[in-house]
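Next come the chains, spelled out residue by residue.
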Amino acid sequence: MIKAFLLLGVLLGYYVDDPIYHTYSEVQEELDSLHRAYPEITLLDTIGFSQRYGTPIIAFKISDNAGVPEAEPRVMFDGVHHAEEVLGLETIMSTIKDILERYSEGDTLIKKFVDELEIWFLPVLNPDGHNIVMGLAPDSTVRDTGWRKNARDNNLNGILDLDADGVDPNRNYDFNWSMGGDSIPSHYFYRGPYPFSEGETQAMKYLCERERFCALVNYHSPSYSIGEIVYYPWRWTTHIPALPPDFYVIDEVAGDMAAHIVNDSHSGHYLKTIGEAEVGNARNWQYGKLGIIALTIEICSRRCQVPPEEVPDITARNREGIYWLLSRALRSSLLLTVKDTFTDRPLSVQALVLEIDTIDTIPPPRETDPRTGSLARLLLPGTYTLELRKEGYITRRIQFDITEDDLTRIDAYLVPESPPEPLVPYPVPSSGEVRVVLDLDEVSHVKADVYDIAGRRVRKLLDGDLGPGYAIVRWDGKDDMGEDAGSGVFFIRFRIRDRKKVAKTVRVKR
Ligand SMILES: [Zn+2]
């Protein structure tokens, strides 16, 4: 039956039936084989499941050490919120292949992107809708190459009814949700029964909250509206202020990105346009709740699907925009990491740039990633003041400069309000590193040695000057030969100037 419809499609001349256009299963297979070909620098990540059919929604990461989150700026590109707007998907798939090929050829710009950034792609947010466009819905033969929504069973009849079903995923986000879209289920812009009611938008929420991108692009194409536009947040006419706090940097990023994408007629480039805030779309939520510089790009001048021979040129021109944004994330930006000064653990803290943010602005203060302690943020060149806040820690301010051509890296440590007691090893017992805090009121000569219970010296730790202030002495559990000292009771003997002190610790096997 599906074959018959595909044949009919070809006879009717559906552009998307040309092999250059991906089906969702082709997307899955291609990403899987690319991951197997480049296992070190790619990661396939199922971030959620579609609302109706439980289809896995797949994100693809490209970065050195792709398997672990690192303290690097993260940028994301997603496609197919709207099922029929397939040019974002094609731009993303061709860009993934271009990056991986050029990386293996040793291209220095691409290598820099892969080494210094975490690049995320989400080719199809709405796979059920996309399957309807392609005539591949799992339990139905219905096809609509102009389908926009997902496949939610609005009337609960168990049948895929294109007259009644589906939610517009790009009206389902929890930011001014009730102001946008439509409340009538059969409508083209149906916003869903409540914010984040859909598996598709929940997947996006999960990915964005976890990865805290500094910038991202939601790709669309014009179904009714005009194309070749870069929308950015926002004009909020019923709110004061109407412009967002990051307006100047967002406006610059949107304009520069647009200027790097040549238009279809090759007579100029894409244009930036400020977007409306009164709609619960992805861009407004991504910026309004998480502070991500989120853009929406309407690919193509006329429509969502174009003759197959036009696809490579459109995707290549949009790829220049992607590479421009990746370069932008590595200059005129801040890359912050925050750790606990004693434990060295990454911390999730509120990081305010006081020249731009207050505690009650929208978006709320950005937070560092608990896994890495990191946060990246695009800024305009200038001098800024960072304020780092976390309950139980002493608030810290750091002044920093942002320059046109560089990424400004700040490795900050926060001091807990009640620091560990000096000269008491922690943790006890320990299976890894043992640390001892010293609180020195002046520069002091410190000697530290580890002894076992029989009084034999196991390890010489330190013989030098420290302070003033807090200092941390660390023992990794090894002896002077670099061998594991084993488990049991150990003593760390300190000599601080003329004062002697012994600290007892216990090591256990993992
Ligand atoms: Zn769209």
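About the criteria used
- Residues numbered from 1 in each chain as written.
- Predicted model: local features only at pLDDT ≥ 70, side-chain atom pairs only at ≥ 80, totals over all residues.
- Heavy atoms only, no water.
- Helix = DSSP H or I, 4+ residues; strand = E, 2+ residues; numbered from the N terminus.
- Buried < 20%, exposed > 50% of the residue type's maximum accessible area, 1.4 Å probe, protein only.
- Contact = heavy atoms within 4.5 Å.
- Lys, Arg positive; Asp, Glu negative; His and termini not counted.
- Charge placed at Lys NZ, Arg CZ, Asp CG, Glu CD.
- UniProt positions renumbered as here; feature names shortened; annotations may be inferred.
- Polar contact = N/O pair within 3.5 Å; in protein donor to acceptor, adjacent residues only side chain to side chain.
- Donors = N, O, S within 2.8 Å, 3.2 Å for Na, K, Ca; no water.
- Tetrahedral: all angles 85-135°; square planar, octahedral: opposite > 155°, others 65-115°.
- Patch = residues over 30% accessible without salt bridge, like charges linked within 9 Å, V, L, I, M, F, W, Y side chains within 5 Å.
- Areas by Shrake-Rupley, 256 points an atom, 1.4 Å probe, with all protein chains shown as cover.
- Salt bridge = Lys/Arg side-chain N within 4 Å of Asp/Glu carboxyl O.
- Pairing = 2+ DSSP bridges.
- Axes fitted to C-alpha atoms, helices over the stretch in contact; angles between N-to-C directions.
- Nonpolar A, V, L, I, M, F, W, Y, C, P; charged D, E, K, R; others polar.

### A word on the overall build of the protein
Here comes step 1: On a plain count of helices and strands, the protein comes out with 9 helices and 21 strands.
Here comes step 2: Dimensions of the protein along its principal axes, counting C-alpha atoms only, are 90 × 50 × 50 Å.
Here comes step 3: With 510 residues in all, the protein has 55% of them scored as buried.
Here comes step 4: A separation threshold of at least 6 residues defines the contact pool for the protein, and within that pool the share at least 24 residues apart is 68%.
Here comes step 5: Between the mean site of the 56 positive side-chain charges and the mean site of the 79 negative ones, the protein shows a separation of 8 Å.

### Let's talk about the UniProt feature "domain: Peptidase M14" (unreviewed entry) in the protein
Here comes step 1: When the UniProt feature table is mapped to this numbering, "domain: Peptidase M14" (unreviewed entry) covers residues 20-329.
Here comes step 2: End-to-end, the C-alpha atoms of residues 20-329 are 31 Å apart, and along that stretch the chain is 33% helix and 16% strand.

### What to know about the UniProt feature "active site" (unreviewed entry) in the protein
Here comes step 1: Mapped onto this numbering, the UniProt entry gives "active site" (unreviewed entry) at Glu-298.
Here comes step 2: With respect to the secondary-structure elements, Glu-298 resides in strand β8 (residues 293-298).
Here comes step 3: Excluding residues that lie within four positions of it along the chain, Glu-298 makes contacts with His-220, Ser-221, Pro-222, Ser-225, Ile-226, Gly-227, Glu-228, Ile-229, Tyr-231 and Tyr-270.
Here comes step 4: There is a polar contact of 3.4 Å between the side chain of Glu-298 and the backbone nitrogen of Ser-221.

### Considerations on the coordination of the zinc ion
Here comes step 1: The coordination sphere of the zinc ion contains the protein donors His-82 (ND1), Glu-85 (OE), Glu-85 (OE) and His-220 (ND1), at a distance range of 2.0 to 2.6 Å.
Here comes step 2: Coordination at the zinc ion is irregular: its 4 donor atoms span angles of 55 to 145° at the metal.
Here comes step 3: Taking the relative accessible area as the measure of exposure, His-220 reaches 3% and is therefore buried.

### Some details on a positive patch on the surface
Here comes step 1: A contiguous patch of positive charge, built from Lys-447, Lys-460, Arg-493, Arg-495 and Lys-500, is present on the exposed surface.
Here comes step 2: Inspection of the secondary structure puts Lys-500 in strand β21 (residues 499-507).
Here comes step 3: Given the relative accessible area of 62%, Lys-500 is considered exposed.

### A closer look at the sheet that holds strand β7 (residues 271-276)
Here comes step 1: Spatial ordering of the open sheet is given by β1-β2-β4-β3-β5-β8-β6-β7, a layout of 8 strands whose pairing is mixed. Looking along the sheet, the strands with just one partner apiece sit at the ends: β1 (42-49) and β7. Direction aside, the axes of adjacent strands within the sheet are offset by 25° on average.
Here comes step 2: Where strand β6 (residues 229-235) meets β7, 5 bridges bridge the pair, whose relative direction is parallel. When the bridges of β7 are listed, Val-230 appears paired with Lys-272.
Here comes step 3: Across the sheet, helix α6 (residues 199-211) is in contact with β1, β2 (56-62), β3 (74-78), β4 (118-122) and β5 (215-220); its angle to β1 comes to roughly 135°.

### Looking at helix α8 (residues 282-290)
Here comes step 1: α8 sits mainly inside the fold: 7 of its 9 residues count as buried.
Here comes step 2: Burial in α8 covers these residues: Ala-282, Arg-283, Asn-284, Trp-285, Gln-286, Tyr-287 and Gly-288.
Here comes step 3: A positive phi of about 75° marks Gly-291, the residue just after α8.

### Some thoughts on the pattern of salt bridges
Here comes step 1: For the structure shown, the criterion picks out 43 salt bridges.
Here comes step 2: In this structure, Asp-251 and Lys-272 form a salt bridge, with 2.9 Å as the shortest nitrogen-oxygen distance. Taken as a pair, Asp-251 in helix α7 (residues 247-259) and Lys-272 in strand β7 lie far apart in primary sequence, 21 residues in all.
Here comes step 3: Where Asp-449 meets Arg-457, a salt bridge forms, and the shortest distance between an N and an O atom there is 3.5 Å.
Here comes step 4: Of the residues examined, Asp-449 reaches a relative accessible area of 8% and is grouped as buried.
Here comes step 5: Salt bridges sharing common partners tie together Asp-45, Lys-61, Arg-74, Glu-118, Arg-210, Glu-211, Asp-369 and Arg-371.

### Some points on the packing of α7 against helix α9 (residues 311-328)
Here comes step 1: Packing of α7 against α9 leaves a shortest axis separation of 9 Å and a crossing angle of 145°. Mapping the contact onto sequence places Val-249, Glu-252, Val-253, Asp-256 and Met-257 in α7 and Gly-321, Ile-322, Trp-324, Leu-325 and Arg-328 in α9.
Here comes step 2: Split into classes, the residues belonging to the contact of α7 with α9 amount to 6 nonpolar, 1 polar and 3 charged.

### Let's talk about the side chain of Arg-52
Here comes step 1: Tracing the chain through its elements places Arg-52 in the loop between β1 and β2.
Here comes step 2: A polar contact of 3.0 Å, which involves the side chain of Arg-52, links it to the backbone oxygen of Ala-151.

### Description of the side chain of Asn-176
Here comes step 1: Of note, Asn-176 is situated in the loop between α5 (127-134) and α6.
Here comes step 2: Note on Asn-176: relative accessible area 15%, which makes it buried.
Here comes step 3: Within the local environment of Asn-176, its side chain forms a polar contact with the backbone oxygen of Ala-277, the two atoms lying 2.8 Å apart.
Here comes step 4: When residues no more than four places from it in sequence are discounted, the contact partners of Asn-176 are Trp-236, Ala-277, Glu-278, Val-279 and Gly-280.

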